[in-house]
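Residue strings, one per chain:
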Amino acid sequence: MEKLDRIKELAKELKLEYLDASVDKIIEEASINDSSYQDVLLSILESEIYLKDKKAQERRLKFAGFPVIKKIEDFDFNFQKSITKKQINRLLEMDWIDRMYNLILLGPPGLGKTHISISLGYRAIEMGYKVSFVTMDSLMHTLKTQEISRKSKGKMNRILSSSLVIIDELGYLPITREEANLFFQLISSLHEQASIIITSNKGLEDWTELLGDPALTTAVLDRITHRCELFNMSGKSYRLEHRESLF
Ligand code: ADP
Ligand code: MG
């Protein structure tokens, strides 16, 4: 067997994808540029690491389950002034995830709560964190069916193994007593294990009515707000203001 083929075979076995795919090119370029052995080895190893990181990031992105991708670069801070660019830049450093701080974004629809949450989640993924995005509605479904559905069980494992869990749209749909209990149990499990972002159209004072039980609401809020940054957002709906009309 040719040495090149043997290198490819071994690279495959060791899962060195860059070497496997590019060994011909690497050797040709090294000879053209008269590169040192050290430079060649270094370049191969760096490329392997780069490729592995990129793949892991793609896996984490898929795992996160974002409904769409939103970037913070596309967020207009002149339109939404309840949260400043400086605050977001601080959040983009992500040390709050290491310290297991939570974020609560409150306010009526169209203010960019979901946009900001996804942008932060996206950056967290770029920085190597595991993130899960769920709507409150789908979370309730998953929680209720985890004992009978493997898909739901898988989703729950995904959520419980994340460093950041984004729960979007708390308060749009009514919550039963059973659901409120399951929600409390989840928040308890995540508490001091992961960071949580919650977005809601309801103020904290309305959560008791939403969750249907003052003691349970206090227990939930107690855990979430223990280490938490709260953004009370106001202003105009970006959707309504930038409405695209057919006529
Ligand atoms: P909310 O979750 O508060 O209801 P969204 O984040 O879903 O609002 O925002 C509605 C739409 O408007 C999305 O497409 C979002 O990308 C866009 N959007 C909202 N606020 C801004 C903003 N300040 N700059 C740019 N796009 C925005
Ligand atoms: Mg939203």
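These notes cover the structure that comes with them.

Cut-offs used in this document
Residues numbered from 1 in each chain as written. Chains lettered and ligands numbered in written order. Predicted model: local features only at pLDDT ≥ 70, side-chain atom pairs only at ≥ 80, totals over all residues. Heavy atoms only, no water. Helix = DSSP H or I, 4+ residues; strand = E, 2+ residues; numbered from the N terminus. Rg over C-alpha atoms; globule rule 2.2 N^0.38 Å. Buried < 20%, exposed > 50% of the residue type's maximum accessible area, 1.4 Å probe, protein only. Areas by Shrake-Rupley, 256 points an atom, 1.4 Å probe, with all protein chains shown as cover. Pairing = 2+ DSSP bridges. Axes fitted to C-alpha atoms, helices over the stretch in contact; angles between N-to-C directions. Contact = heavy atoms within 4.5 Å. Near = heavy atom within 4 Å. Polar contact = N/O pair within 3.5 Å; in protein donor to acceptor, adjacent residues only side chain to side chain. Nonpolar A, V, L, I, M, F, W, Y, C, P; charged D, E, K, R; others polar. Salt bridge = Lys/Arg side-chain N within 4 Å of Asp/Glu carboxyl O.

From N to C terminus, the protein chain includes twelve helices and five strands. In summary, the protein chain has a C-alpha radius of gyration of 23 Å against a globular reference of 18 Å for 247 residues, an excess of more than 25%. Split into buried and exposed, the 247 residues of the protein chain put 40% on the buried side. Entry remark: accessible area of the protein chain is about 14900 Å², with carbon and sulfur atoms responsible for 52%.

What follows deals with the sheet that holds strand β5 (residues 228–232). One open sheet holds the five strands; their spatial order is β2-β3-β4-β1-β5, and the pairing between them is parallel. Looking along the sheet, the strands with just one partner apiece sit at the ends: β2 (131–135) and β5. Between one strand axis and the next, the sheet turns by 10° as a mean value, whatever way the strands run. In this sheet, β5 lies alongside strand β1 (residues 102–106) in parallel orientation, the contact comprising five bridges. If you follow Leu105 over to β5, its bridge partner there is Phe231. Packing against the sheet, helix α9 (residues 177–190) makes contact with β3 (164–170) and β4 (195–200), and its axis sits at approximately 155° to β3.

The next thing to look at is the site of ligand 1. Surveying the vicinity of ligand 1 reveals 14 residues, the closest of which are Asp76, Gly110, Lys113, Thr114 and His115. Between ligand 1 and Asp76 there is a distance of 2.7 Å, counted from a nitrogen atom to a backbone nitrogen or oxygen. Here an oxygen atom of ligand 1 sits 2.7 Å away from a polar atom, N or O, in the main chain of Gly110. Considering ligand 1 on its own, with 550 Å² of exposed area, one finds that the protein chains cover 87% of that surface. Those elements that provide at least two residues to the shell around ligand 1 are α6 (113–126) and α12 (238–241). For the shell around ligand 1, the leading source of residues is α6, giving three residues. A class-by-class count of the residues in the shell around ligand 1 yields four nonpolar, five polar and five charged.

Turning next to the side chain of Asn102. Along the chain, the position of Asn102 falls in strand β1. Ignoring sequence-local partners within four residues, the contact set of Asn102 consists of Ala194, Ser195, Ile196, Arg223, Ile224, Arg227, Cys228 and Glu229.

In the structure shown here, the tally under the stated rule is twelve salt bridges. For the salt bridge of Glu17 with Lys55, the shortest nitrogen-to-oxygen distance reads 2.5 Å. Of the two residues, Glu17 is situated in helix α2 (residues 17–33) and Lys55 in helix α3 (residues 37–64); the sequence distance between them amounts to 38 residues. The closest approach of N and O atoms between Arg123 and Glu126, which form a salt bridge, is 3.3 Å. Of this pair, Arg123 and Glu126 both sit in helix α6, three residues apart, which is roughly one turn of that helix. Its relative accessible area of 38% is what places Glu126 among the partly exposed residues. Connected through salt bridges with shared partners, the residues Arg90, Glu93, Asp95 and Arg99 form a single ionic network.

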